[in-house]
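Summary of the model geometry
If you want the building blocks of each chain, they are given just below.
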Amino acid sequence: MPDFPAATPRSRVRVPLRFQDGYGVDAELVTFHGLADGQEHLAVVLGEPGPAVPLVRLHSECLTGDVFGSARCDCGPQLREAVERIADRGGVLLYLRQEGRGIGLYNKLDAYALQDRGLDTYEANAALGLPEDARDYTAAAQMLQALGIGSADLLSNNPDKAGQLRALGIDVRDRVPTGVFTTAHNVRYLRAKVLQTQHTLPLGELGLSELNAG
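For every chain, the first residue of the written sequence is number 1, and numbering continues from 1 along that sequence. Local features in this predicted model are restricted to residues whose pLDDT is 70 or higher, and side-chain atom pairs enter the listing and the counts only when it is 80 or higher, whereas totals over whole chains, interfaces and linings include all residues. Water and hydrogen atoms play no part in the side-chain values, which are based on all heavy atoms of the structure.

**Notes on the overall build of the protein chain**
As a reminder of what qualifies: Helix numbering and strand numbering both begin at the N terminus, where a helix is a DSSP run of H or I of at least 4 residues and a strand a DSSP run of E of at least 2. Relative accessibility decides the category of a residue: with a 1.4 Å probe and only protein chains considered, values under 20% of the type maximum give buried, values over 50% give exposed, and everything between is partly exposed. In this description, contact between two residues means that some pair of their heavy atoms is separated by no more than 4.5 Å. Note on areas: these come from Shrake-Rupley sampling with a 1.4 Å probe, and a residue is covered only by the protein chains present in the view.
Within the protein chain one finds eight helices and seven strands. Out of the 214 residues belonging to the protein chain, those deemed buried represent 48%. For the protein chain, the share of sequence-separated contacts (at least 6 apart) that also reach a separation of at least 24 residues comes to 62%. Surface accessibility of the protein chain: about 10,500 Å² in total, with carbon and sulfur atoms responsible for 51%.

**Digging into helix α7 (residues 159-167)**
Applicable threshold: The directions considered for the arc are those from the helix axis to the C-beta atoms. We call two N or O atoms a polar contact when they sit within 3.5 Å, provided that within protein one can donate a hydrogen and the other can accept it, with sequence-adjacent residues counted only if both atoms are side-chain atoms.
Listed in full, the buried residues belonging to α7 are Lys161, Ala162, Gln164 and Leu165. Viewed along the axis of α7, the buried residues span an arc of 165°, placing them on a single side of the element. In this fold, the buried residues of α7 make contact with β4 (55-60), α6 (138-146), β6 (151-155) and β7 (171-176). Capping the start of α7 is the job of one residue whose side-chain oxygen sits 2.9 Å from the backbone nitrogen of Asp160: Asn158.

**Digging into helix α4 (residues 105-115)**
Along α4, the residues classified as buried are Lys108, Ala111, Tyr112, Leu114 and Gln115. With its buried residues spanning 160° around the axis, α4 presents them on a single face.

**A word on the state of the cysteines**
To keep it simple, the criterion reads: The disulfide criterion is simple: two cysteine sulfur atoms within 2.5 Å.
One pass over the structure, following the stated rule, counts zero disulfides. Free of any disulfide, Cys62 has its nearest cysteine sulfur in Cys75, 3.7 Å distant. Owing to a relative accessible area of 5%, Cys62 belongs among the buried residues under this scheme. No disulfide involves Cys73; its nearest neighbouring cysteine sulfur is the one of Cys75, lying 3.5 Å away.

Structure (structure tokens):
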């Protein structure tokens with residue numbers, strides 16, 4: 001078992017969530033003491049606990065997508081989808097303060113400017129002297145353990161999330177794909193995630209069906 005300090009729940013509060021499309025659900029928001037990175041990450045507990053393995057999503061904060069509805073990424077639609085799917089089954093969404101795959105909001109916007117010149121999302125990070133993906137999910141594992149979750153199905157297209165959680169002692173039973181939320185502004189971004197970091201997105205829907213042969 002990996003050696004990292006335990007976190008503990010700090011507070012719990014019920015909050016009715018309401019989305020612009022009219023969907024609503026009540027959630028329990030949980031804050032924590034002792035998270036490894038010192039950030040104010042949040043657990044959103046949804047649905048009723050049952051005998052099934054809970055559905056869990058690690059959702060990295062995206063101010064532009066989650067709040068302003070930016071079409072340059074798929075974060076806002078993924079958040080909306082995840083809340084409903086988890087509420088239907090029972091589980092937890094971890095809202096992680098890791099803007100821009102961990103590089104921060106200002107750096108993310110700088111990377112956007114480079115993408116406007118033709119770089120993909122990973123090339124833009126590298127051009128800024130930043131890692132392709134700086135996220136570390138130790139705090140996520142702490143949060144799940146503090147909530148008594150040692151085994152989960154992970155709602156994600158990203159194999160790195162499952163790999164890190166397993167290495168941190170969480171039994172990821174299955175990785176459940178999210179929907180595909182393409183726009184004219186984000187299809188190049190989604191293609192880069194498939195090509196660079198092996199996200200499990202349907203290649204044909206992104207104009208990459210020729211890669212199926214590989």
